[in-house]
2 protein chains.
Amino acid sequence: MPDITLSTQDVKTLKSLAGMAESVAKQAFRKKDPAVDIPVRALSNVHFNDRKRIIEMGKRTSQRQLFNLSQARSFMQTMLVADGTKQLIEQGKSTSIRGLYYLLKHTIQGIKEETFNGQEECDPVIEDMEVLINSLREELHLAANPAGAMVGNITLIDKDDEIDCSRMGSGGYAVPSIVEPNVIRFKKCPAKFILHVEKGTVWNRFNEDKFWKKHNCILIHGGGQPPRGVRRLLYRLHNELKLPVYCLLDNDPWGYYIYSVVKQGSINLAFESQRMAIPEARFLGLRSNDFKRCNLSESVKIALNDTDRKRAKQISEYPWFKNKKQWQKEIALMLDNGFKLEVEALSNQSISFVTDEYVPQRLKEENFLD
Amino acid sequence: MPDITLSTQDVKTLKSLAGMAESVAKQAFRKKDPAVDIPVRALSNVHFNDRKRIIEMGKRTSQRQLFNLSQARSFMQTMLVADGTKQLIEQGKSTSIRGLYYLLKHTIQGIKEETFNGQEECDPVIEDMEVLINSLREELHLAANPAGAMVGNITLIDKDDEIDCSRMGSGGYAVPSIVEPNVIRFKKCPAKFILHVEKGTVWNRFNEDKFWKKHNCILIHGGGQPPRGVRRLLYRLHNELKLPVYCLLDNDPWGYYIYSVVKQGSINLAFESQRMAIPEARFLGLRSNDFKRCNLSESVKIALNDTDRKRAKQISEYPWFKNKKQWQKEIALMLDNGFKLEVEALSNQSISFVTDEYVPQRLKEENFLD
């Protein structure tokens, strides 16, 4: 096996993993029942921090004990996940959560029981591990399905390769799943902001019109709901390079939800918000008043269905939207309209209306939802 | 508007569009009823050409007439699609089939009727246009959702940018939806073959292990079922650079189906096969005997369900599998096994088993299914 040079982050993560293991071993040597204290990931232990404007976990933990009939199995699984991710880091390799599951899945000798009965038994243990040692899964070398692409006025180093995102043709740079500083470093960035669009086809319109060149920005999409890699990259670009993030999404509950995840993180994975969420992200459009404002044809309206209405009401109750007059008005207007609008609907005006007029006007007027 | 330099292909496509329009106009000026003859896209007009080993369309056409109550609407839509794609080509722009739909969707003056009631009314007309003037939709400047990424020993020109795929870090080059010669040109390609894998996470494993460097190849994935851009790029790499294509897919009916589409095209879009299908593509794995051969743990088996069994039988009846003993044996063994296997299951052996042993061994032995 080749020599692996561990990054500072890898050394830190390994130390946390070893620390956890040591504490378990110490308990055993002292003839105490081995146990770990795992922060509770339930909704009851999650709250919205108004000052920091992110979702945070509370301080509640629960004990996972080896000598407890109902916890022995998950205790064993926790140790397996720790061991598996330690191997990954030491070998300088990454895998998917599915790959880790297969790596760790074995029939336990003697008792014919499986270490994991299915991936649904492994995934929560991975999340436990993240909160237990306060590491993102990416720091545990666990990758998700990559999706999304980026172009624009930025040069970055990915592993040892220099990637000039202003020279990436029509395809762009495929955003990897793990974009931690030991993989991606920013070399040069003349760009002044980031435009995040929902869909690859819309991204294509902006890239073809060289929007990022004219407006000196970075253009990124995540193929719908942005995957972790895109969200984490947005976070790093925003925080390390101080670039504002503007989101161009559909005028529908799904678009609102995508914005909400970029901005605040997902409620189920509250623990990652502090390193994924961008409370300062701005919603550039589409807006519920765009149908009138942009003089769109009747025929682009898509009627809201019951699910849409239900989702819209749920989203309007999110803590970060609840006290925002603008958002309440926005959602109320969509419900009142009775229809939703896709970004592509703007091509009803003309093919490049969205790049030549819509977005430049919003940017000029600084007309965003917060 | 900036001056647009049309590519040779664009000039050709415009000529076909104009030719179609002229023939309609001529009929009108001669006081004949305007009509176009559209090749029939129904299954009844599709057959498998044993010699060329691709799905082909027969010669049957059907007339679409303006002065026919049941055809007037689709005649009008056909002309609209021709006009819309002509605009796109002339402006040097591309859009999605959804974008084109919005571009063409209008309320017809006077009669309050919509040009298209929904995208499902527009999509088939686009397919009609493809067969009518014998152009791929990409040549009509229609893009699909991009997906997939590529790395390896190849340098290409995408628009005006030179992309060295051996210097693309962990992310890779995002494969665009339109990869026609007017967008993508191949500059230098020392690579000797192409490894196509199903999933981004598996691709990640191969890229991390620098498989393409060790084995001098191109590594590509399409995020599951490969989108048109990836298929067309594989086709061009295979035919223009004479590179063999090997597919690494799951040992399940879905994996077989992906291989079938890469190899023969999809039955519904038979007309595109001659410029998308790669009859010489080879199925590298996973194979139904890999469970035993690779000494995998019981626990990686995934039981076949009824849908799997049904799909497997359907696929074994495909004309290009029906007379192949190897494929009949392969599918029969999977059914007999009663389980399927994912590529990731190989990490049950060790994390890099798939890149260090499995694929190199198959390549060395030239052990593929055809």
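Everything numeric here is computed off the predicted structure, so don't read it as measured data. (Residues numbered from 1 in each chain as written. Chains lettered and ligands numbered in written order. Predicted model: local features only at pLDDT ≥ 70, side-chain atom pairs only at ≥ 80, totals over all residues.)

Trainee: Any chance you could break down the overall build of chain A for me, citing the residues and the numbers?
Mentor: Secondary structure summary: chain A contains 13 helices and 19 strands in total. The C-alpha atoms of chain A give a radius of gyration of 23 Å, which matches the 21 Å a tight globule of 370 residues would have. Structurally, chain A occupies a C-alpha span of about 75 × 45 × 40 Å along its principal axes. Buried residues in chain A amount to 45% of all 370 residues. (Helix = DSSP H or I, 4+ residues; strand = E, 2+ residues; numbered from the N terminus. Rg over C-alpha atoms; globule rule 2.2 N^0.38 Å. Buried ≥ 20, exposed ≤ 12 C-beta atoms within 10 Å, placed from the backbone.)

Trainee: Which residues make up the relation of the copies chain B and chain A, and what values go with them?
Mentor: When chain B is fitted to chain A, the residual RMSD is 0.0 Å, and the transformation amounts to a turn of 180 degrees plus an axial shift of 0.0 Å. One copy is carried onto the other by what is essentially a two-fold rotation axis. Distance from the rotation axis, computed per C-alpha, reaches its smallest value in chain B at Ala174(B): 2.2 Å. When the interface residues of chain B are mapped onto chain A, 100% of them again fall at the interface, so both copies present the same face. (Least-squares fit on C-alpha atoms with pLDDT ≥ 70 in both. Contact = placed C-beta atoms within 7 Å.)

Trainee: Hey, could you go over the packing of helix H2 (residues 72-91) of chain B against helix H4 (residues 119-132) of chain B for me, with residue numbers and the actual values?
Mentor: Residues and elements named next belong to chain B. Remark: H2 packs on H4, axes separated minimally by 9 Å, with the N-to-C direction vectors making an angle of 70 degrees. By the angle between their axes, H2 is roughly perpendicular relative to H4. As for how H2 packs across H4, the hand of that crossing is right-handed. Contacts between H2 and H4 involve Ser74, Gln77, Thr78, Val81, Ala82 and Thr85 from the first element and Val125, Ile126, Asp128 and Met129 from the second. Across the contact of H2 with H4, the residue classes break down as five nonpolar, four polar and one charged. (Axes fitted to C-alpha atoms, helices over the stretch in contact; angles between N-to-C directions. Parallel < 35°, antiparallel > 145°, perpendicular 65-115°, else oblique. Left-handed = near helix turned anticlockwise from the far one by under 90°. Nonpolar A, V, L, I, M, F, W, Y, C, P; charged D, E, K, R; others polar.)

Trainee: Lay out the sheet that holds strand E13 (residues 184-188) of chain B with the relevant residues and their values.
Mentor: Residues and elements named next belong to chain B. Read from one edge of the open sheet, three strands run E11-E10-E13, paired in antiparallel fashion. Unpaired on one side and paired on the other, strand E11 (161-164) and E13 mark the two borders of the sheet. Between one strand and the next, the sheet's axes are offset by a mean angle of 30 degrees, whatever the strand orientation. Sheet topology note: the strand E10 (residues 155-158)/E13 ladder contains four bridges and is antiparallel. Paired with Leu156 across the strands is Phe186, a residue of E13. (Pairing = 2+ DSSP bridges.)

Trainee: Could you give an account of the confidence of the model for chain A, naming the residues involved and the relevant values?
Mentor: The pLDDT averaged across chain A works out to 94; a share of 99% of its residues lies at or above 70. Among the scores for the predicted complex, ipTM is 0.93 and pTM is 0.94. (pLDDT = per-residue confidence, 0-100.)

Trainee: I'd like a description of the environment of Phe67(B), backed by residues and values.
Mentor: Here Phe67(B) is to be found in the loop between strand E4 (61-65) and H2. It is 54 Å that separates the C-alpha atoms of Phe67(B) and Phe193(B), two residues lying 126 residues apart in sequence.

Trainee: So what's going on with the interface of chain B and chain A? Residues and values would help.
Mentor: Counting residues at the interface gives 51 residues for chain B, matched by 51 residues for chain A. Those elements that place two or more of their residues in the side of chain B that touches chain A are strand E5 (95-96), helix H3 (97-104), E11, strand E12 (173-174) and helix H5 (200-208) of chain B. Across the side of chain B that touches chain A, the residue classes tally to 16 nonpolar, 22 polar and 13 charged.

Trainee: Hey, could you go over the nonpolar core for me, with residue numbers and the actual values?
Mentor: By size, the foremost hydrophobic cluster in this structure holds 170 residues, and its most contacted members are Ile218(A), Leu219(A) and Leu219(B). If near-sequence neighbours (up to four positions away) are discounted, Leu219(A) is found in contact with Met150(A), Val151(A), Gly152(A), Leu195(A), Trp203(A), Phe206(A), Asn207(A), Phe211(A) and Trp212(A). (Core = buried A, V, L, I, M, F, W, Y, C linked by C-beta atoms within 7 Å.)

Trainee: Explain the pairing of strand E3 (residues 54-57) of chain A residue by residue, including any values.
Mentor: Residue and element names in this part refer to chain A. Relative to E3, strand E2 (residues 46-49) runs antiparallel, the two being bridged by four bridges. Residue pairing in the sheet places His47 in a bridge with Glu56 of E3. Hairpin connection between E2 and E3: a loop of four residues separates the two successive antiparallel strands, and Arg53 in this loop has a positive phi of roughly 55 degrees.

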